[in-house]
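Reading the structure
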Amino acid sequence: MRCPRSALLPAALLALLALSALWHHRSSGPSTAPASAAAFRWRPAPPTPRHPLQPPYPRPYRFLLNEPHKCRGRAPFLVLLVASQPSDAEGRAAIRRTWGSERAVPGVPVVRLFLTGVHPVFGAALGRLLAEESGRHRDVLQQDFLDTYHNLTLKTLMGLQWVSRHCRAARYVLKADTDVFLNVAFLVRRILRPRRPPRRRFALGYVYRGTGPLRDPRYKWFVPPQVYPRPTYPPYCAGPAYVLSGDVAVAAFGAAQRLPLLNMEDAFVGLCLQALGVAVTDGPPGAFNVVRLPYERCRFGRALSQHHHLSLGLVSVWAGGTSMGWGSHLWGGGHLYGAGCNSMAWGHLCGAGDTP
Ligand SMILES: *[C@@H]1O[C@H](CO)[C@@H](O)[C@H](O)[C@H]1NC(C)=O
């Protein structure tokens, strides 16, 4: 059956009218709502979901292990903050015996703290061991975030929080990874120099310039655009070892409360420094090497930081240095760089014939 053309038009109009009435009813909400501006008040967009690689922050992470009194009544020249995994008791033992010794530089007060979170699988068991270790050495900080690679930024921030709360008079703060080899005496005596007026607004390390986030998810250091949209980072000090003056450590912790966090710990500290208007300073050539160098006594005498040294290697390097006699020059004794290559200027590798 065919509808007469004359009947089609009014029917269509009627249907349209009904639809529009229905639409109006739905969009105006319940009829009891007061017709006021409240109905049109701006509602903020729901927070964009945090990308899983972005460490949750700020959060009231709790200290499970803390050392609030380590700086009481004294102002350390250097606070060593060493990122460490809860399971790596061996690495911590090696560092306590070698470069991380609080007596590494006679006459210069050094405070050492290991930064840990909670092991994602064996948190409870390792937590008990850590508590015991902390009771013995009083040098472990632990907060209740998951200790994973992508949460490294939280570790650094815990260390900076500790400095802000418990050690504001610290002259310098050194953040280091467990797998580096550091010559703390060299750093203190030759670079930071206790007798000089303290530097403020100061950050020192191996500086990366003009680098940007790696966008390929296959990389360990992958940073998705949702976490950091810009193509480049500001100049920043490479994570294995860098130094901040005490005021910068405190201010960077403050800045971190207002910035979106990045899973790249070192680049994030760079963003905090940029927000504070603090420039980064290049360490002397070779001082903050971030790649592992073949073990070479002369070079070790000068290099401040050698990345990727496992704990056994670290102890044997240390023992090698000590038994060769330069341990006492570089790490233990009253004077530095008595003879040989150790007395050479910056930037030169040991030449042939140099004897350490
Ligand atoms: C980082 O730690 C938080 C708090 O424990 C946790 O919810 C989150 O899953 C961790 N992130 C990663 C990538 O492991």
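Parameters and conventions
Residues numbered from 1 in each chain as written. Predicted model: local features only at pLDDT ≥ 70, side-chain atom pairs only at ≥ 80, totals over all residues. UniProt positions renumbered as here; feature names shortened; annotations may be inferred. Axes fitted to C-alpha atoms, helices over the stretch in contact; angles between N-to-C directions. Helix = DSSP H or I, 4+ residues; strand = E, 2+ residues; numbered from the N terminus. Parallel < 35°, antiparallel > 145°, perpendicular 65-115°, else oblique. Contact = placed C-beta atoms within 7 Å. Nonpolar A, V, L, I, M, F, W, Y, C, P; charged D, E, K, R; others polar. Near = placed C-beta within 6 Å. Pairing = 2+ DSSP bridges.

Under an unreviewed UniProt entry, the chain has the name Hexosyltransferase and belongs to Pavo cristatus. Per UniProt, the chain has the following entry under Sequence similarities (unreviewed entry): "Belongs to the glycosyltransferase 31 family." Here the chain is described in UniProt, under the heading Subcellular location (unreviewed entry), as follows: "Golgi apparatus membrane".

1. Structural notes on the packing of helix H6 (residues 246-256) against helix H7 (residues 265-276)
Look at H6 against H7: their axes get within 9 Å of each other, and the N-to-C directions meet at 100°. Relative to H7, the element H6 is oriented roughly perpendicular. Only Val269, Cys272, Leu273, Ala275 and Leu276 of H7 make contact with H6, whose side of the interface consists of Ala251, Ala252, Ala255 and Ala256. Here the contact of H6 with H7 is composed, by residue class, of nine nonpolar, no polar and no charged.

2. A look at the site of the ligand
Neighbouring the ligand are Pro52, Leu53, Pro55, Pro56, Phe145, Leu146, Thr148, His150 and Asn151. For the shell around the ligand, a count of residues per class yields six nonpolar, three polar and no charged.

3. What to know about the sheet that holds strand S9 (residues 280-282)
The eight strands are arranged S1-S4-S3-S2-S5-S8-S7-S9 in an open sheet whose pairing can be described as mixed. Each of the sheet's edge strands pairs with one partner strand only, and the pair in question is strand S1 (63-65) and S9. Adjacent strand axes in the sheet meet at a mean angle of 30°, parallel and antiparallel pairs treated alike. One ladder, built from six bridges, connects strand S2 (residues 78-83) with strand S5 (residues 172-177); its direction is parallel. Residue Leu78 lies in a different strand from S5, and its bridge partner there is Tyr172.

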